[in-house]
Structures are given as C-alpha cells and as structure tokens.
Amino acid sequence: MMLPWLDNARPLYLAPMAGVTDSVFRRLCKEHGTDVLVTEFVSADGILHRNQRTQEMLIFRDEERPIGVQLFGAEPERLAEAAKSVRDWVRPDFIDLNFGCPVNKVVSKHGGSALLKDCPLLERVASAVVKAVEPLPVTAKIRLGWSSETINATTTATILQEAGISAIAVHGRTKEQGYSGVADWEAIAQVAEIVSIPVIGNGDLRNINQIVSRLVSTKVRGLMIGRAAMTSPWLFRRAKHFLRTGELIAEPSIEERWRHILRHCRMAVAEADSERHAMTAMRGRLMAYSKGMPGGCTLRADLQTVSSVTQVEAISERHLEEVASVSASGDNSEIIHLGNGTPAARSMPLQAANY
Ligand SMILES: Cc1cc2nc3c(=O)[nH]c(=O)nc-3n(C[C@H](O)[C@H](O)[C@H](O)COP(=O)(O)O)c2cc1C
C-alpha cells in the first residue's frame, strides 16, 4: 500500500502518546514541522461499543493529515470491525496497530506488546485488519520483543510484512524494559536491514545530533519522536532545517517558549468543557515544557498547582522578569556529529543522499 509521505523523503513522525498527543498538541507539533501524526492509542472495543470518549479520541482536523488512527486490541475480527468503523467515520490516511504497549491493563487482555509473544495471533490480527480496510494502508508499531531473552523484532517485522502491513515503527526497547534503559538502535537497524517495507526508528531521539546520526547510520526510512517533543516540539523544525541546509537554527528564546506554552493552554481550554479541567490536565504538559528552563525547580512547583490560564500568564511574567538577563536564544554549543563521529561544519550543507 502506498504511503506517499515516505516517497523520496525520510519523514519525522510524532510518536503516539496516550494523554499527550491529542488534536491540540498534534496541531502544534505540525506547525513545528512534524511530517506525520498518529492519534493516541484507541481501544477497538471502545469503538465497537460506541464509547463517547473513544469517539472523541478519533477526531482530527484536515490540517493534521497525513494522520493515522492507532488501534489496540487482541481479537482479529473485532480489530478488523473497529478498523472499518474508523475508516468510515473519520477517513484517516492510515490505520496503525499497537503491538508495543507495555501497560498491564492492555497486555493482560493479550493486546499491545502481548502479541509479540504470540506470533500466530499477531499474524491473524494484522491480516484481518489489512483485508478489512484495503486499500487503506495499515502500519504497525512494535517493540523489540517481550524481554531481553525473547527479542524477536526481525521475526515479528517479517510476519507483519507478509501480512500486508505497509510500514513498521520499531521502539528499540522490550516490553519488560518499559521506558527504562536505552533504546537499542542496533536492533532497530537490523530490522530495517531485513524487511523491505519502510521501518520507522523510535526511541530516545532527543536532539539533532541523535536524529542525524540515526539517519546516517541506519536504513530506517523515517524517525519517530515522542518524549522529546513534549519538551521541545520545535525539534522537528530545527532537525528538518539542519537536514536540508546543514545549518542550525537557534533554540527558541524563553519568551518564545512561553508564547508557545500559553498558546497551548489557550487552545486546550478552548476545546474543553471547563478551564479548570483543561488546565489540571495541562499540568503534566507544563512540567515537560519547563524541563531545561532556568529556575526549573521553583517553576515546576508553581506550575504543578495551576487551574487557570491567568495563573500560567502570571507565572510566565514572573519567570521572564527573573531570567531577564538570561537569554536562551543562543545555541552555539550544539555540535552536530555525523555517523562517523566527525563534527559537521555548520556551514556545510548535508546532501540528501548522505542520510
Ligand atoms: C506518556 C506516554 C504515552 C504513550 N502512549 C503510547 C500509545 O498510545 N501508543 C504507542 O504506540 N506508544 C505509546 N507510547 C510510546 C511512544 O510512542 C514511544 O514509543 C516511546 O515514548 C519511545 O519514544 P521516545 O524515546 O521518543 O519517547 C507512549 C509513551 C509515553 C511516554
């Protein structure tokens, strides 16, 4: 199946993150240069039961395209039925299947990463969904395996390819690791060597250095960025600019960061039933945004209790006064290393063929 955003390009995806990558955040990331979006994971059962909250999670705007709806579940027929409903209701650009979620509530029902240790069921789920929604492309997101003793990503990726899956995102950790340890990019690279469908690499991409070096040193056809986007959604734009021109654009200044944060708050409130509810839900997001800001400790303590946009505005004004003398706009310390360990001359454009 065709995924036109992968033709002659190595796109940057925003990783699906439950409770984080809602439509507001996806739109903000898109403005900051994300190429491909995926919804938070959505339960196939929730779709079949016409659960209201589930239906809300499927809503996206046209400007979010290309976008995939990520589904989780364990029963081939139910997932296939849910995928058809999603296709008919919201017409996404692709369906993505979650085979990586490590959360007990999901794996205890044989969903998410539990399917990585049941290859026959994995194959049946993938085939059923592919057939149900043809010609809409179906992609999958996997981890390396269930545990370090049972790493099987090359096997599961091959099974998925044969089942008609169009592209696979590989998070370089096992289910047992959760989010601990580090992503194993050699294992991701191996998957990209073995299958012929596009592999999207995922795990611990935090800066331009890492983004460039993963593109240079592996055959992945795209990259997926999760937690770093929660702190620095502008990473997409900065990375793409560097890949295009070989030049670095500065990190946003503290003022620009606050403008972004306040905009995020206002957009979240505009789409919620109540400001208090929206802002309580924003607290975690504010924690992520405050990472790396000067005076982060006090800032985080303040942000942890907000329940209105006015409070965040007041905190931002106070913070800007406190750090008036500190400018975060310079980014001169950032040196980009190519795959061979050589720092890139900032003025030397990287040729597309090099990565
Ligand atoms: C808060 C949170 C929620 C997540 N929710 C999902 C999800 O719904 N579906 C999914 O496939 N992965 C989910 N993930 C995993 C991410 O998509 C990604 O694979 C992981 O964070 C590693 O990438 P990173 O190092 O760039 O963050 C979630 C991760 C986090 C931190």
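What counts, and at which threshold
- The residue count restarts for each chain, going from 1 along the sequence in the order it is written.
- Since the coordinates come from a predicted model, pLDDT governs what is reported: local features require at least 70, and pairs of side-chain atoms require 80 or more to be given and counted, while whole-chain, interface and lining totals use all residues.
- Source of the domain bounds: an automatic or database domain assignment.
- Runs of E in the DSSP output that reach at least two residues are strands. Runs of H or I that reach at least four are helices, and both are numbered from the N terminus.
- Side-chain classes follow a simple rule in which Ala, Val, Leu, Ile, Met, Phe, Trp, Tyr, Cys and Pro form the nonpolar group, Asp, Glu, Lys and Arg form the charged group, and the remainder, Gly included, forms the polar group.
- To decide nearness, the C-beta atom of each residue is placed from the backbone, and the residue is near a molecule or strand if that atom lies within 6 Å of it.
- Structural elements are reduced to axes, namely lines fitted to C-alpha atoms, with helices fitted over the stretch in contact, and the angle between N-to-C directions of any two is expressed from 0 to 180 degrees.
- Any angle from 65 to 115 degrees is called roughly perpendicular, while one under 35 is roughly parallel, one over 145 is roughly antiparallel, and all others are oblique.
- For a crossing to be left-handed, the near helix must be turned anticlockwise from the far one by less than a right angle; the clockwise case is right-handed.
- We call two residues in contact when the distance between their C-beta atoms, placed using the backbone, is within 7 Å.
- Buried residues are those with 20 or more other C-beta atoms within 10 Å of their own C-beta, exposed residues have 12 or fewer, and partly exposed residues lie in between; C-beta atoms are placed from the backbone.
- A strand pair is defined by DSSP finding two or more bridges across the two strands.
- With its strands directed away from the observer, a crossover is right-handed exactly when the path from the first strand over the helix to the second travels clockwise.

Requested: an account of the domain arrangement of the chain, with residues and values cited.
By domain assignment, the chain separates into domain 1 (4-245) and domain 2 (254-322). Of note, the centres of domain 1 and domain 2, computed from C-alpha atoms alone, are 29 Å apart. Looking at the side of domain 1 that touches domain 2, the elements with two or more residues in it are helix H1 (23-31) and helix H10 (227-231). Counted by class, the side of domain 1 that touches domain 2 contains three nonpolar, one polar and no charged residues.

A description of the site of the ligand should follow, citing residues and the corresponding values.
Neighbouring residues of the ligand: 22 residues in total, closest Ala-15, Met-17, Phe-41, Gly-226 and Arg-227. Taken together, the residues that form the shell around the ligand break down as ten nonpolar, eight polar and four charged.

Please give an account of unusual backbone geometry that cites residues and values.
Cis geometry is found at the peptide bond from Arg-65 to Pro-66, where omega equals -5°. Looking at where Pro-66 falls in the secondary structure, it is placed in the loop between helix H3 (52-57) and strand E4 (67-72). Omega for the peptide link from Glu-134 to Pro-135 comes to 5°, which places this bond in the cis form. Structurally, the position occupied by Pro-135 is in the loop between helix H6 (119-133) and strand E6 (138-145). One non-glycine residue, His-110, adopts positive backbone phi at about 70°. With respect to the helices, strands and loops of the structure, His-110 is situated in the loop between helix H5 (104-107) and H6.

Can you explain the packing of helix H12 (residues 254-270) against helix H13 (residues 275-290)? Please cite residues and give values.
H13 packs onto H12 with a crossing angle of 150° between their chain directions and a minimal axis gap of 9 Å. With respect to H13, the element H12 is oriented roughly antiparallel. For the pair H12 and H13, the sense of crossing is right-handed. Of the residues in H13, those touching H12 at Arg-257, Ile-261, His-264, Cys-265, Ala-268 and Val-269 are Glu-275, Ala-278, Met-279, Met-282, Arg-285, Leu-286 and Tyr-289. A class-by-class count of the residues in the contact of H12 with H13 yields nine nonpolar, one polar and three charged.

Break down the pairing of strand E7 (residues 168-174) for me, with residues and values.
Residues in a regular strand point their side chains to alternate faces of the sheet. Most of E7 is tucked away, with seven of its seven residues classed as buried. Inspection of the sheet shows E6 paired to E7 by five bridges, in the parallel sense. Directly across from Ile-142, in E7, lies its bridge partner Val-170. Where the polypeptide runs from E6 across helix H7 (residues 153-162) and back to E7, its parallel neighbour, the crossover connection is right-handed. Note: E7 against strand E8 (residues 199-202), four bridges, orientation parallel. Across the sheet, His-171 pairs through a bridge with Asn-202, a residue of E8. Once you follow E7 into helix H8 (residues 185-194) and on to E8, the crossover reads as right-handed.

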